[in-house]
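Residues per chain are reported as follows:
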Amino acid sequence: MNAISFRSATSGDLDDLIRLEKAVERTLPSRDIFATDEKSFYAPIVRGAGHILLAFDAERRLAGASVIRYPSPEDPENLGRSVSLPAERLLAVRHLESVFVRPDMQGKRLAERLVRENMRLTAGSGRTISMATVWPGNAASLKLHLRLGLFIRAFAFKYGGKPRFILMNEGRPDNEATPILVDAMDLERHRALLNSSMLGVVVHPAAKTFLIEYRPLLPA
């Protein structure tokens, strides 16, 4: 991993970015896991509506990418709306839109390195509220975002009706309370707990699936 290098994407990188994204998608067991985007989605981001960080291997081949987008307060897809942020705080939201890594480079925590570095590079943007969406069955992505300091805060159907957790880096769990464990794909139970001001905080392995630990949200 020492040979990995990073740089910001430009408009000239977008075709390679799309090819990598499609290659990753072809390896996935379910298309619910990862919502791909088109060049038209990425073009405004490299022009300033966010930041795309690329990773390259020792042969200077594209190995991965992290995409962070700055949604406008008026954007109906601004994830802050899903957790009822007041209008004046929507401008502080940044979306951790996606991170994808070339199949032969997976399992080396490159995805986490990419997102952490991209978050560091965008820290001065004023976008202090980090938010992301994750398919409930994607344990690896959930673990990654929880390690990054986000919590599961809401549930919604996105990207043409696909179930998604909505995660955010704000909120404090009550670590003294008794935890509640829920099967990853028990969507109705997740919705009920999230609607009652619970936070998803930890992923636990279980036979044939995994469990998500919930704790109450402490008052601000």
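Refer to the structure above for everything that follows.
Each chain carries its own residue numbering, running from 1 in the written order of its sequence. Restriction of local features to residues with pLDDT of at least 70 applies here, the model being predicted, together with a cutoff of 80 or more for giving and counting side-chain atom pairs; totals for whole chains, interfaces and linings are based on all residues. Note that water and hydrogens are dropped before the side-chain values are worked out from all heavy atoms of the structure.

Sorry if this is basic, but what is going on with helix α3 (residues 110-121) here?
Within an α-helix, residues lying three or four positions from one another point in the same direction, as the helix has 3.6 residues per turn. Counted at 1.5 Å a residue, the expected span for α3 with its 12 residues is 16 Å, and the 16 Å between its end C-alpha atoms agrees. Restricting attention to buried positions, one finds in α3 the residues Leu 110, Glu 112, Leu 114, Val 115, Asn 118 and Met 119. Any two residues whose heavy atoms approach within 4.5 Å are treated as being in contact. In DSSP terms, a helix is any run of H or I states spanning at least four residues, a strand is any run of E spanning at least two, and both are numbered starting from the N terminus. Packed against the buried residues of α3 are β1 (5-8), β2 (50-56), β3 (62-69), β4 (93-101), β5 (129-134) and α4 (139-147). By definition here, a helix of n residues has an expected span of 1.5 Å times n minus one. For every residue, the accessible area (1.4 Å probe, protein chains only) is compared with the maximum for its type, and the residue is labelled buried under 20%, exposed over 50%, or partly exposed between those bounds.

Looking at this structure, how should I read the nonpolar core?
Side-chain atoms within 4.5 Å link the members of a nonpolar core, which is a set of buried Ala, Val, Leu, Ile, Met, Phe, Trp, Tyr and Cys residues. Grouped together as the largest cluster of nonpolar side chains are 27 residues, with contacts concentrated most on Leu 142, Ile 152, Phe 165, Leu 167 and Tyr 214. Counting residues per element, the ones that place at least two in this core are α3, β5, α4, β6 (151-158), β7 (162-168), α5 (187-195), β9 (198-206) and β10 (209-216). For Tyr 214, the residues in contact, after removing those within four places along its chain, are Ile 152, Phe 165, Pro 179, Ile 180, Val 182, His 190, Leu 193, Leu 194, Met 198, Leu 199 and Gly 200. In this structure, Phe 34, Tyr 42, Leu 54 and Val 67 belong to the second largest nonpolar core, which totals 19 residues.

Any chance you could explain the pattern of salt bridges here in plain terms?
Here the idea is simple: oppositely charged side chains can pair when their charged atoms come close. Here a salt bridge means any side-chain nitrogen of Lys or Arg lying within 4 Å of a carboxyl oxygen belonging to Asp or Glu. Tallying each qualifying case throughout the model produces 17 salt bridges. Where Arg 69 meets Asp 75, a salt bridge forms, and the shortest distance between an N and an O atom there is 3.1 Å. By relative accessible area, Asp 75 is classed as buried at 16%. We note a salt bridge from Glu 112 to Arg 147, for which the minimum N-O separation is 2.8 Å.

Honestly, unusual backbone geometry in this entry has me stumped. Any pointers?
The phi angle of most residues is negative, glycine excepted, and most peptide bonds adopt the trans form. With phi around 55°, Tyr 159 is a residue other than glycine that occupies positive phi space. Along the polypeptide, Tyr 159 turns up in the loop between β6 and β7. One non-glycine residue, Ser 197, lies in the positive phi region at around 65°. Here Ser 197 is to be found in the loop between α5 and β9.

When you look at the environment of Leu 54 in this model, what are you seeing that I'm missing?
Tracing the sequence through the fold places Leu 54 in strand β2. Beyond its immediate sequence surroundings of up to four residues, Leu 54 is in contact with Ser 5, Phe 6, Arg 7, Ala 9, Asp 13, Leu 17, Leu 62, Gly 64, Ala 65 and Leu 114.

It is not clear to me how the environment of Met 185 should be interpreted in this structure. Could you clarify?
Inspection of the secondary structure puts Met 185 in the loop between β8 (180-183) and α5. Residues Met 185 and His 145, spaced 40 residues apart in sequence, show a C-alpha to C-alpha distance of 18 Å. Leave out the neighbours within four places in its chain, and Met 185 touches Trp 135, Pro 136, Gly 137 and His 190.

Can you walk me through the side chain of Arg 69 in this structure?
On the secondary structure map, Arg 69 appears in strand β3. A distance of 2.8 Å separates polar atoms of two side chains, one belonging to Arg 69 and the other to Glu 97. Not counting residues up to four positions away in its chain, the partners in contact with Arg 69 are Phe 41, Ile 45, Ala 49, Gly 50, Asp 75, Glu 77, Arg 94, His 95 and Glu 97. As used in this structure description, the phrase polar contact means that two N or O atoms lie within 3.5 Å; if the pair is within protein, one of them must be able to donate a hydrogen and the other to accept it, and residues adjacent in sequence are counted only when both atoms belong to side chains.

Before we go on, may I ask you to explain helix α2 (residues 39-46) in this structure?
Tyr 42, Ala 43 and Ile 45 are the residues of α2 that are buried. Along the axis of α2, the buried positions cluster into a sector of 165°, meaning they face one direction only. The inward-facing, buried residues of α2 abut α1 (14-26), β2, β3 and β4. Among the residues trailing α2, Gly 48 stands out with phi positive, at a value near 130°. This arc corresponds to the set of directions leading from the helix axis out to the C-beta atoms.

Help me understand the pairing of β2 in this model?
Both faces of the sheet carry side chains from a regular strand, because those side chains alternate between them. Burial analysis of β2 places seven of its seven residues in the buried class, the great majority of the element. Across the two faces of β2 the burial is the same, with Gly 50, Ile 52, Leu 54 and Phe 56 and His 51, Leu 53 and Ala 55 all buried. From the end of β2 to the start of β3, which pair antiparallel, there are five residues, and Arg 60 there has a positive phi angle of about 65°. Two strands qualify as a pair provided DSSP detects at least 2 bridges between them.

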